Amino acid sequence: MSSLPQRDVMDILWPTDSTDDQRGAEKECRPFFVDLLELDEVQIEHLRNTGLLSKLDKTNFDVCLLYQPHSTYLYKAFGTLPAGFVSLDASRPWMLYWTLHGCDLLGELPDESTLQGIVDMLQACWSSSNSGGGGFGGGPGQLPHCATTYAAILALCIIATTTKTTGNNEITEVAKRARKYMKDIQQPLSEWFSQLLEPELGGYRMHVGGEVDVRATYTIVTVAKLLHLPLSQLESPIVISFLQACQTYEGGFGGEPGSEAHGGYTFCAIAALQLLGYLNDDTVDLSALRGWLVRRQMAYEGGFQGRCNKLVDGCYSFWQGSALAILSSKNRGKVDKDPWLSQLNKEGKAEHVPKMLFDEGMLQRYILLCAQDVNGGLRDKPSKPRDFYHSCYNLSGLSVSQHYGAGVAYGHKTSSIVAPTHPCYNIRIDRVQSILDCFCQMLNSTE
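Residues numbered from 1 in each chain as written. Predicted model: local features only at pLDDT ≥ 70, side-chain atom pairs only at ≥ 80, totals over all residues. Heavy atoms only, no water.

**Student:** Residue-level account of the packing of helix 12 (residues 286-294) against helix 13 (residues 316-328), with values.
**Tutor:** In the contact formed by helix 12 and helix 13, the axes pass within 10 Å of each other and the chain directions differ by 145°. Helix 13 is crossed by helix 12, and the crossing has left-handed handedness. On helix 13, the residues that touch Leu286, Leu289, Arg290, Trp292, Leu293 and Val294 of helix 12 are Gln320, Ala323, Leu324 and Leu327. Tallied by class, the residues present in the contact of helix 12 with helix 13 amount to 8 nonpolar, 1 polar and 1 charged. (Axes fitted to C-alpha atoms, helices over the stretch in contact; angles between N-to-C directions. Helix = DSSP H or I, 4+ residues; strand = E, 2+ residues; numbered from the N terminus. Left-handed = near helix turned anticlockwise from the far one by under 90°. Contact = heavy atoms within 4.5 Å. Nonpolar A, V, L, I, M, F, W, Y, C, P; charged D, E, K, R; others polar.)

**Student:** Let's hear about the side chain of threonine 248: which residues, and what values?
**Tutor:** Turning to its location among the elements, threonine 248 is positioned in the loop between helix 10 (237-245) and helix 11 (263-276). Among all residues touching threonine 248, those that are not within four sequence positions of it are Phe253, Gly254, Ser259, Glu260 and Ala261.

**Student:** Let's hear about the pattern of salt bridges: which residues, and what values?
**Tutor:** Applying the stated criterion across every chain yields a total of 15 salt bridges. Between aspartate 104 and arginine 431 there is a salt bridge whose closest N-O contact spans 2.6 Å. With aspartate 104 in helix 4 (residues 92-106) and arginine 431 in helix 16 (residues 429-446), this pair connects stretches of sequence that are 327 residues apart. Notably, a salt bridge pairs aspartate 213 with arginine 215, separated by 2.8 Å at the nearest N-O pair. Accessibility expressed as a relative area gives 5% for aspartate 213, which makes it buried. Connected via shared salt-bridge partners are Asp104, Arg428, Asp430 and Arg431. (Salt bridge = Lys/Arg side-chain N within 4 Å of Asp/Glu carboxyl O. Buried < 20%, exposed > 50% of the residue type's maximum accessible area, 1.4 Å probe, protein only.)

Okay, structure coming up:
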């Protein structure tokens, strides 16, 4: 039996704008996939000087993560930003979360004085709703919004679980402040979230009078779970039915019923269903979902695309990668058992789980080779500039690929590792455990 000749798949596709764009994406990634052993000594020495290769072991050609340049870049968010950032004036909690979480994964959180300043800014973003309760706006004086409330709470949870350097696990003063503040806003948050449910649709609005989509359900579920908010309506049949209706014929999830399947919305739906205990075959078509997700990993680049017929983008390293990590769990859909917290061992690390549904090594290769900017920060793809958002989600995707599958399948065995993040909440898994314990104790002490 004769075999077909080996050809680049792009060579046999009918030329369109989409195929031309895909060829362009592969072309810009190709130089980064060069065999390092084929480079001359000058080029190798340059890579070692930038930190991409180890300076200590001249025989090692495994790619490293640029910890210091990345943390230095992320620290810029904690000071005065250039005038161009005015376009992100409604995203202040997001920028603080993206950079704080990125630094946390790198093991480079800022000092306590800086963390106090972050709490000050987040408190300034709190806004009471005219209809009762309140949440966090995108900046001081802005209306409360589910997305920025989610980002603010995650940033506060990171700060609330920081410990002193004495080694006795005593929490810092700023951690005590963050915990007290979150306790104080539990009731107004619950009141505001309750107003956002649209009974006829079963979904939540992003803000009072705003759009209804799966992001709202996911962000509210996340905050409610972390802070033990009493929102029984979250598990009502209409809420689950709304999430169920967002699954498309493709297998993924759209933002609302009838919309195109998209990686970000798919993650929100999967994570919300997992946290609520409804990620099972009775609720969604898991086979179709699995098929849609695994087809989003690009065969050449190794990273993920966000939708069918789109280009690779580093941010989907987390959105798609984490969705697949959730699906890969043997304990998915069990509300009484968090499969990742149960893996947390005494050293505060997540144990590896076999049989991930994507190629971890290919994803790690894309992040380390194509997404890293040698000057610090991470990006969508080589032709794009670095930014806080892509830095956060590239590092988060790297974390998921390293800690919930085969481990470090590509890159330096010790100098490319980041801390384990929780696939549903996306803050460090040890911090999830600490904040859940903290608010559980608070709840018990008031009963």
